[in-house]
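Working through the structure, step by step
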Amino acid sequence: MSFYTSLTGLNSATAQLAVTSNNIANVGTSGFKRSRADFGDIFSTSPLQKSSSNIGQGVSLKQVSQEFSQGNISTSGNSLDLAITGDGFFPLKTPDGLQDTYTRNGSFTLNDQNNVVNSTGQRLMAASVDSSGKADLTNLNALTIPPKTSGEAVETTKIQLGLNLPADSAVITADFDRTNPSTYNKSTALTVYDSGGNGYLATVYYAKTQNATLDSPFSKWQTYFFVGDTEVKPALQQATDNVGSNYFVNKYGDVLPKSDPRVVPSSGTTEMYSLDQLTDIRPSSPAKAVGTALPAEVYAAGSFVEDPTGSVSFKIKVDGATEPTEITYELQETDKDPQVLARHLEIAINNVMGSLEDTEATEDTPAIVNARYGITVEFDPDTAKFSISSGTTGDGSSISIVEADAAAITTLGLEEAPNLTVVASTTEALRGKPSLPAVLRGEVMTINTAKSVQVTSSNKDFFVSVDGTVKKIELPFPTTYTNIEGFAKALQDEINTITDPETGRQVSGVTVAFDTKTKQLSFTTGTTGSNSAIQVTGSADWGLANTEMQFGATTDWKKLAQFTENGALQFVKNGEQTEDATGLSSKTEWWPVYLDRGELSFDLTGKPVSPLTGMPFETAFLQGGKGALTMSIDFTKSTQYSSAFAVLSQSQDGAPEGELMGLNIGPDGLVNATYSNGSQVSLGKIVLANFSSPSGLRQVGDASYLASASSGSAKIGEAGSAGFGSIRAGATERANVDLTQELVDLITAQRNFQANAKAIETSSTMTSAIINIRA
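The structure reproduced in this document is the subject of the present report. (Residues numbered from 1 in each chain as written. Predicted model: local features only at pLDDT ≥ 70, side-chain atom pairs only at ≥ 80, totals over all residues. Heavy atoms only, no water.)

On to helix α2 (residues 338-353), then. The first and last C-alpha atoms of α2 sit 22 Å apart over 16 residues, in line with the 22 Å expected at 1.5 Å per residue. What α2 keeps buried is the set P338, V340, L341, A342, L345, E346, I347, A348, I349, N350, N351 and M353. One side-chain oxygen of the residue at the start of α2 lies 3.0 Å from the amide nitrogen of Q339, identifying that residue as D337. (Helix = DSSP H or I, 4+ residues; strand = E, 2+ residues; numbered from the N terminus. Expected span 1.5 Å × (residues − 1). Buried < 20%, exposed > 50% of the residue type's maximum accessible area, 1.4 Å probe, protein only. Polar contact = N/O pair within 3.5 Å; in protein donor to acceptor, adjacent residues only side chain to side chain.)

Let us look at empty space enclosed by the protein. On inspection of all chains with the given rule, the structure shows 1 cavity of 30 Å³ or more. Only β45 (599-602) and β46 (608-610) provide two or more residues apiece to the lining of the largest cavity. Looking at which element gives the most residues to the lining of the largest cavity, the answer is β45, with 3 residues. Here the residues of the lining of the largest cavity sort into 5 nonpolar, 3 polar and no charged. (1 Å grid on protein atoms, 1.4 Å probe; cavity = no way out; pocket = protein on both sides within 12 Å on 5 of 7 lines; lining within 4 Å. Points joined across faces, edges and corners; volume = space filled by probe spheres on them. Nonpolar A, V, L, I, M, F, W, Y, C, P; charged D, E, K, R; others polar.)

Of all hydrophobic cores here, the largest spans 33 residues; its most connected members are F314, I316, I349, F386, I388 and L412. Contributions of two or more residues to this core are made by β21 (286-290), β24 (311-318), β25 (325-330), α2, β26 (376-380), β27 (385-393), β28 (399-402) and α3 (406-412). No other element matches α2, which puts 6 residues into this core. Sequence-distant contacts of I388, defined by excluding residues within four places in its chain, comprise A287, K288, A289, F314, I316, I349, I375, T376, V377, I399 and I401. Formed by 28 residues, the second largest nonpolar core is a distinct cluster that contains V453, Y481, V510 and I534. (Core = buried A, V, L, I, M, F, W, Y, C linked by side-chain atoms within 4.5 Å. Contact = heavy atoms within 4.5 Å.)

Moving on, we come to the sheet that holds strand β42 (residues 571-573). The pairing of strands in a sheet comes from backbone hydrogen bonds and takes either a parallel or an antiparallel form. Read across the sheet, 3 strands follow the order β18-β42-β43 without closing on themselves; strand pairing throughout is antiparallel. Each of the sheet's edge strands pairs with one partner strand only, and the pair in question is β18 (270-271) and β43 (576-578). The pairing of β18 with β42 spans 2 bridges and is antiparallel. Each residue of the ladder has a partner; that of T270, found in β42, is V572. (Pairing = 2+ DSSP bridges.)

How two aromatic rings sit relative to each other is given by the distance of their centres and the angle of their planes. Counting across every chain of the model gives 22 aromatic pairs. Note on Y206 and F635: the rings are 6.2 Å apart at their centroids and 85 degrees apart in plane angle, and the pair reads as edge-to-face. Here Y206, found in strand β13 (residues 199-210), pairs with F635, found in the loop between β50 (632-634) and β51 (646-652); they are 429 residues apart in sequence, far enough to count as distant. Taken individually, Y206 and F635 each receive the classification buried, so the pair is uniform in this respect. Centroid distance Y299 to F379: 5.1 Å. Interplanar angle 70 degrees. Geometry classified as edge-to-face. Highlighted residues: Y299 in strand β22 (residues 299-300) and F379 in strand β26, separated in sequence by 80 residues. F379 shares its class with Y299; the two are buried. When the ring centre of F226 is taken as reference, the NZ or CZ atom of R178 above it lies at 4.2 Å. (Phe/Tyr/Trp six-rings, centres within 6.5 Å; stacked < 30°, edge-to-face > 60°. Lys NZ or Arg CZ within 6 Å of the ring centre and 35° of its normal.)

As a further point, take the pairing of β24. In the sheet, β24 pairs with β25 via 6 bridges, with the strands oriented antiparallel. Bridging from a neighbouring strand, F314 pairs with I327 of β25. Turn length for the β24-β25 hairpin, with the two strands adjacent in sequence and antiparallel, is 6 residues, and the turn residue D319 shows positive phi of about 50 degrees. For β24 and β28, the ladder comprises 4 bridges, and the chain directions are antiparallel. Residue pairing for β28: I316 is matched across the bridge by I401.

All chains considered together, the criterion is met by 23 salt bridges. Of the charged contacts, one joins D254 and K433 as a salt bridge, the two residues approaching to 3.0 Å between their closest N and O atoms. Taken as a pair, D254 in the loop between β16 (247-249) and β17 (255-257) and K433 in the loop between β29 (421-422) and β30 (437-441) lie far apart in primary sequence, 179 residues in all. For D254, a relative accessible area of 23% translates into the label partly exposed. Each of the salt bridges in this network shares a partner with another, and the network as a whole consists of K33, R104 and E733. (Salt bridge = Lys/Arg side-chain N within 4 Å of Asp/Glu carboxyl O.)

Of the voids in this model, the largest pocket is the one considered here, and its volume is about 650 Å³. Lining the largest pocket are 30 residues, with G374, T376, T527, T528 and N531 sitting closest to its centre. Considering each element in turn, the lining of the largest pocket owes the most residues, 5 residues, to β27. Split into classes, the residues belonging to the lining of the largest pocket amount to 5 nonpolar, 19 polar and 6 charged.

Time to look at the side chain of Q640. Within the secondary structure, Q640 sits in the loop between β50 and β51. Separated by 3.2 Å, the side chains of Q640 and S219 make a polar contact.

As a rule of thumb, non-glycine residues mostly have phi less than zero, and peptide bonds are mostly trans rather than cis. The step from F477 to P478 runs through a cis peptide bond, and the omega angle for that step is -10 degrees. For the bond running from S610 to P611, omega is -5 degrees, close enough to zero to count as cis. Despite not being glycine, A384 shows a phi value in the positive range, around 60 degrees. Residue position: A384 is located in the loop between β26 and β27. Backbone geometry places A703, a non-glycine residue, at a positive phi of 55 degrees. Here A703 is to be found in the loop between β55 (698-701) and β56 (704-706).

One open sheet accounts for 4 strands, arranged β47-β50-β11-β51; its pairing is mixed. The strands lining the two open edges of the sheet, one partner per strand, are β47 (615-616) and β51. With 2 bridges connecting them, β47 and β50 associate as antiparallel partners. Note on β50: the bridge partner recorded for P616 is S632.

What follows concerns a nonpolar patch on the surface. Residues F3, Y4 and L7 make up a contiguous nonpolar surface patch of roughly 300 Å² in combined accessible area. Structurally, the position occupied by Y4 is in helix α1 (residues 2-25). (Patch = residues over 30% accessible without salt bridge, like charges linked within 9 Å, V, L, I, M, F, W, Y side chains within 5 Å. Areas by Shrake-Rupley, 256 points an atom, 1.4 Å probe, with all protein chains shown as cover.)

Let's shift gears to the environment of G31. By the element assignment, G31 lies in the loop between α1 and β1 (35-42). Given a relative accessible area of 0%, G31 falls into the buried group. Not counting chain neighbours up to four residues away, the residues in contact with G31 comprise R104, N105, A703, E733, R734 and A735.

Moving on to the side chain of S389. Examined against the element boundaries, S389 turns out to sit in strand β27. Take S389: its relative accessible area is 2%, and that puts it in the buried class. The contact partners of S389, leaving out residues within four places of it in the chain, are P286, A287, K288, I375, T376 and I399.

Quick look at the structure:
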């Protein structure tokens, strides 16, 4: 029996030698785990035998197990080389996709399908991730790293060009021809992309069309846009302010942004107006009643033929008055000159109209202001006609001359005729807008206005000038007014009693008010327009010590001219230019105002005036049926200085498909790819597998393992979480074989083998001796 016992020892020593040799052989294998041979003694007995007298029958190999201790980390230049620091295995899927394997060997490459695989073609599994990088551990797929993006190409819709266009560039008058550089000043080029990421060369040409002048202080450039050889026409563009609010224009040429509460945008079909054509500026005018021409027997050689005598009488109704007012004027000797008569008659009319009492309110009707101011009378020697104009300007003004007596008809030409009646215009712009009165604001009062105010000898005097009538007035003193408003009313009444001693013109219509917030007096004339003027000087108590003459203003308005093209009136329907007026609204009060297509404008300082938002272009259909592009170009960062042409900034929002530029794998296994188009994509998260008993895994070669009943099923988790190690990219885990230990084990196995061989030799010698005894 000893022979067979020693034989088991030889087998065990051989097995240990084989395991040790395998460890030594795989010392350079990444992720290899050292094997260990586990032995057990053989002992057998029966129930009737005395166990204390039994002898063991040798040794047997129980199992070859792996020691999953951490191996050293070795760096490499391959970003797909991965090492696990801590517990866990890389989950793999066999090429046929039927079997799951596990390994610590992190030497991976890409196959022809862009899957991350090991040397045997087994694919590395990874979990899908959301935008925050959180992994879905229930959804594992083979990790794929696309060499280029797919579906991430971005179509160009916006182009930004910041240029400096030289201010001294010559104006180009020749028709544009891109093949002839003399028909444009400058050009720029860039690449734009369609939805598939295909690039096209886009070129923009610039031709200066206007230098700034006194009448039009703007320099203008025309742009021409080409994609390849296809010209892209500028689209219709509404003018905007510098914050992008669309401009609208009313019938008086007032241009306001949509954000202004006065603007009520139009709808449906509207007339088309161009911002550049709002140039017909006119002063607002009053309603004017014009008499008939005086015959030669009445007027000749600059004067009346006969000396005017007696009186003239007629009735006048001005600016919406409910009833006409009778005017009677006694002719004077100096009135033989019609110009003098006009001045005298003007004074007479204003003295009467300015002193009309208001109609008091009743239960059924409100109070009515009857007084009218600033009516003018003129005589035109060229036409021999008298004219009487309302005191206000604009389409709201009106005038009517009726019931003229025979003297008025003969002397003034006020024979009943359509020209003697001008009504207010409620729809069409004819005479513009109301003009402004003269307004004087005093300084802050130095007295206490919260209580009663007192007029004393030191503050009673006021020097007043209204529309050329000048007089010193004084308020009664000593007088105490219970409040400042009472003082203002007394001063107003005193001003409106002033009469010019030379002409007899009476001042009327001046209003005096007190602003309780600013503690200032304000004076407003009843007349309006640039001929209105007022100045009131008085004591510093009233804030009137340092006042200056203030003037009214005659307003301007712009006569609208509808845009035409090839002689046809143009309209806008649903944002598109058309000649079709179908659906034109008659109630529009604010019309959209448009820029000239493709035009850039700069002011005298070189800053852009228009457009102040991106310039839209019509859809560009690509050659060969490759699709279409709809783009706009933002020129708002462009300038026009005297320096040379320069591209200050240039960009576009399109992008081609990106080529893989870099790969980053984090310690948590998150795989991020960077592509040449600037996109960064999270491709997935490399997860780890762990087992209840890793030593129970079944080896299948190539440092790979299969799960077994002894190891338990794989538990999947994220790297760095509890029970799982972290991942280090660009490195591999070396074998955990200690060569010194293996050499010692090799010597031990050798001695064990030698000892067992010696035992066999001894047993053989003993057996021979027994045989020789018989001999």
